[in-house]
Amino acid sequence: QVALVESGGGLVQAGGSLRLSCVASGRTFSSYPMGWFRQTPGKEREFVAAISASGGITNYADTIKDRFTISRDNAKNTVYLRMNSLKPEDTAVYFCATSRRIFSGMTISDFGTWGQGTQVTVSS
C-alpha cells in the first residue's frame, strides 16, 4: 500500500521543459510499476507513461514519445516525468499511480492508488 503526492507543475511557454515528481509513502513502493496520466476538463484521464518496479522497462503513449521521459529513484520513493519540448496540447492535470504490471495499452483500470495531481499549463 502506498500514498502518492505529485509536484512540479506550473506555467511554461511552448518548447519549455518541466520535471514532475511523485513522492510515495509506504514500504512496498519498489514493488510497484508506476504510471503517469493526464486529464483535461471534460475528458478521461489519458495514459502518458509507465515504468516497471525496477525501472528497467518503460512504456510511453505515442503522443509524447521522444519528448517525455519517465524514471524512478526507489531509494527516494520517487517517480519522475521529465517533459521536454512542451506543447499547448500537453496542458493538463498530471497524475501518478501504481500498477501491478506493465504492458502496452495500459488504461485507468490497470492502476490502483492515485495521487491528487499537479497542473501543467503550456502557453502558446
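For the structure, see preceding data.
Below is a short write-up of the structure. Bear in mind that the values here come from a model prediction, so they are computed numbers and not experimental data. (Residues numbered from 1 in each chain as written. Predicted model: local features only at pLDDT ≥ 70, side-chain atom pairs only at ≥ 80, totals over all residues. Heavy atoms only, no water.)

1. What to know about the overall build of the chain
Our working rule: A run of H or I in DSSP becomes a helix once it reaches four residues, and a run of E becomes a strand once it reaches two; helices and strands are each numbered from the N terminus. The size measure is the radius of gyration over C-alpha atoms, and the globule rule it meets is 2.2 Å times the number of residues to the 0.38 power. When a residue's accessible area, from a 1.4 Å probe over protein chains only, is under 20% of the maximum for its type it is buried; when over 50% it is exposed; and in between it is partly exposed. Any pair of residues with heavy atoms lying within 4.5 Å of one another is described as a contacting pair. Each accessible area value is a Shrake-Rupley result obtained with a 1.4 Å probe; residue values ignore everything except the protein chains displayed when judging cover.
In terms of helices and strands, the chain carries zero helices and 11 strands. Put simply, the chain runs from its N terminus to its C terminus through helices and strands in the order β-β-β-β-β-β-β-β-β-β-β. A compact globule built from 124 residues should have a C-alpha radius of gyration of about 14 Å, and the chain, at 13 Å, falls within 12% of that. With 124 residues in all, the chain has 42% of them scored as buried. Taking the contacts inside the chain whose residues are at least 6 apart along the sequence as the reference set, 58% of them involve residues at least 24 apart. For the chain, the exposed surface amounts to about 6,400 Å²; the carbon and sulfur share of it is 46%.

2. With respect to the pairing of strand β4 (residues 34-39)
Note the threshold: Whether two strands pair comes down to DSSP finding at least two bridges between them.
Among the six residues that make up β4, five are buried, leaving the element largely enclosed by the rest of the structure. Two strands pair when backbone bridges link them, and β4 and strand β5 (residues 46-51) are joined in this way by five bridges, in the antiparallel orientation. In the strand pairing of β5, tryptophan 36 is matched with alanine 49. By the bridge criterion, six bridges tie β4 to strand β9 (residues 92-99) in an arrangement that is antiparallel. By the bridge assignment for β9, arginine 38 is matched with tyrosine 94.

3. Quick look at the environment of alanine 14
Relative to the helices and strands, alanine 14 resides in the loop between β2 (10-13) and β3 (18-25). Classification of alanine 14 as partly exposed rests on a relative accessible area of 42%. C-alpha of alanine 14 to C-alpha of serine 123: the two residues are 109 residues apart in sequence and 5.7 Å apart in space. Ignoring any residue separated from it by four or fewer positions in sequence, one finds alanine 14 in contact with Leu86, Pro88, Val122 and Ser123.

4. Side note on the nonpolar core
Generally speaking, nonpolar side chains in soluble globular proteins are found buried as a group. Which entries qualify depends on this criterion: Take the buried Ala, Val, Leu, Ile, Met, Phe, Trp, Tyr and Cys residues and link them wherever side-chain atoms come within 4.5 Å; each set so joined is a nonpolar core.
Residues Trp36, Val48, Phe68, Ile70, Leu81, Met83 and Tyr94 are the most contacted members of the largest nonpolar core, which totals 35 residues. The set of elements that each furnish at least two residues to this core consists of β3, β4, β5, β7 (68-73), β8 (78-83), β9, β10 (111-114) and β11 (118-123). Leave out the neighbours within four places in its chain, and valine 48 touches Trp36, Phe37, Arg38, Asn59, Tyr60, Ala61, Ile64, Phe68, Leu81 and Tyr94.

5. Here's the deal with the pattern of salt bridges
Opposite charge on two side chains permits them to pair, given that their charged atoms come into close proximity. So the rule is basically this: Throughout this description, the term salt bridge denotes a Lys or Arg side-chain nitrogen within 4 Å of a carboxyl oxygen of Asp or Glu.
For the structure shown, the criterion picks out four salt bridges. In this structure, arginine 38 and aspartate 90 form a salt bridge, with 2.8 Å as the shortest nitrogen-oxygen distance. One end of the pair, arginine 38, is in strand β4; the other, aspartate 90, is in the loop between β8 and β9, and 52 residues separate them in sequence. For aspartate 90, the salt bridge goes to arginine 67, with nearest N and O atoms at 2.8 Å. Pair noted here: aspartate 90 is in the loop between β8 and β9 and arginine 67 is in the loop between β6 (58-60) and β7, with a separation of 23 residues, a long-range link. Grouping residues by exposure puts aspartate 90 and arginine 67 together as buried. Salt bridges linked by common partners bring Arg38, Glu46, Arg67 and Asp90 together as one network.

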